[in-house]
Amino acid sequence: SHCTMVTGAGGFLGSHVAEHLSSSGHDIVALGRFSGVAPLGLSSGAAKLVGMTLPDRRFVDAVRTYRPTLLVHCAGTASVPDSVAEPYVDFQRTVDVCAFVIETLRTQAPGCHFVYLSSAAVYGNPEIQPITEDTPTKPVSPYGYHKMLCELLTREASELQGMLTSVI
């Protein structure tokens, strides 16, 4: 059976991604920090909710158990000011978590399609608008650099490990 995992499903972006995929008929396993209440569109029981903060060894068990064919990675930080105040903490919560998720898929579910949600922050303050895929990356915050590093990790997984990946 096909299973879709969404990391960061307790957050703003991840909860909306999980709700959309669930309403589109995907069998969802939503991982994240849930503050006692399931995201609205997931409270129908259409999704399995797994509460955790990545990196967590239980994530490896969840991947081994559910064998996702698609994983949409929404976990990570969301604040440029926080990344400026505590860049190493932001690195750990973004880059290290991304590497952990990719490595878990590589070893436990190698056929899984890994989708990374990036940010316009990787482009910094571009001279030319609108931003296109050819716009050079020039981040101006730790947050932007860390999202860019995750894009590179995703590319590494594709080019060196042969994993199926997408950055959006």
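Scroll up to find the structure.
Residues numbered from 1 in each chain as written. Predicted model: local features only at pLDDT ≥ 70, side-chain atom pairs only at ≥ 80, totals over all residues. Heavy atoms only, no water.

A.B. asks: Please clarify how the side chain of threonine 77 should be interpreted in this entry.
C.D. replies: Note on placement: threonine 77 falls in the loop between strand S4 (70-73) and helix H3 (80-85). A polar side-chain atom of threonine 77 sits 2.5 Å from a polar atom in the side chain of aspartate 90. A distance of 3.0 Å separates the side chain of threonine 77 from the side chain of threonine 94, its partner in a polar contact. (Helix = DSSP H or I, 4+ residues; strand = E, 2+ residues; numbered from the N terminus. Polar contact = N/O pair within 3.5 Å; in protein donor to acceptor, adjacent residues only side chain to side chain.)

A.B. asks: Sorry, what's going on with the pattern of salt bridges here?
C.D. replies: Here the structure, examined in full by the defined rule, presents six salt bridges. Put simply, arginine 64 and aspartate 61 hold a salt bridge, and the shortest N to O gap is 3.4 Å. Separated by three residues within a single helix, arginine 64 and aspartate 61 lie in helix H2 (residues 57-66), roughly one turn from each other. Among the residues examined, arginine 64 registers a relative accessible area of 38% and is labelled partly exposed. Aspartate 61 gets classed as partly exposed once you look at its relative accessible area, which sits at 37%. A salt bridge links lysine 138 to glutamate 127; its shortest N-O distance comes to 3.0 Å. (Salt bridge = Lys/Arg side-chain N within 4 Å of Asp/Glu carboxyl O. Buried < 20%, exposed > 50% of the residue type's maximum accessible area, 1.4 Å probe, protein only.)

A.B. asks: For this particular structure, what's the right way to read the layout of surface pockets?
C.D. replies: Where empty space is left can be seen by rolling a probe of water-molecule size over the atoms. A volume near 700 Å³ is recorded for the largest pocket. Lining the largest pocket are 30 residues; nearest its centre among them are Arg33, Cys74, Ala75, Gly76 and Thr77. Within the residue set of the lining of the largest pocket, elements represented by two or more residues are helix H1 (12-23), strand S2 (28-32), helix H4 (87-108) and helix H5 (142-161). When residues of the lining of the largest pocket are assigned to their parent elements, the largest contribution, four residues, is made by H4. Residue composition of the lining of the largest pocket, grouped by class: twelve nonpolar, twelve polar and six charged. (1 Å grid on protein atoms, 1.4 Å probe; cavity = no way out; pocket = protein on both sides within 12 Å on 5 of 7 lines; lining within 4 Å. Points joined across faces, edges and corners; volume = space filled by probe spheres on them. Nonpolar A, V, L, I, M, F, W, Y, C, P; charged D, E, K, R; others polar.)

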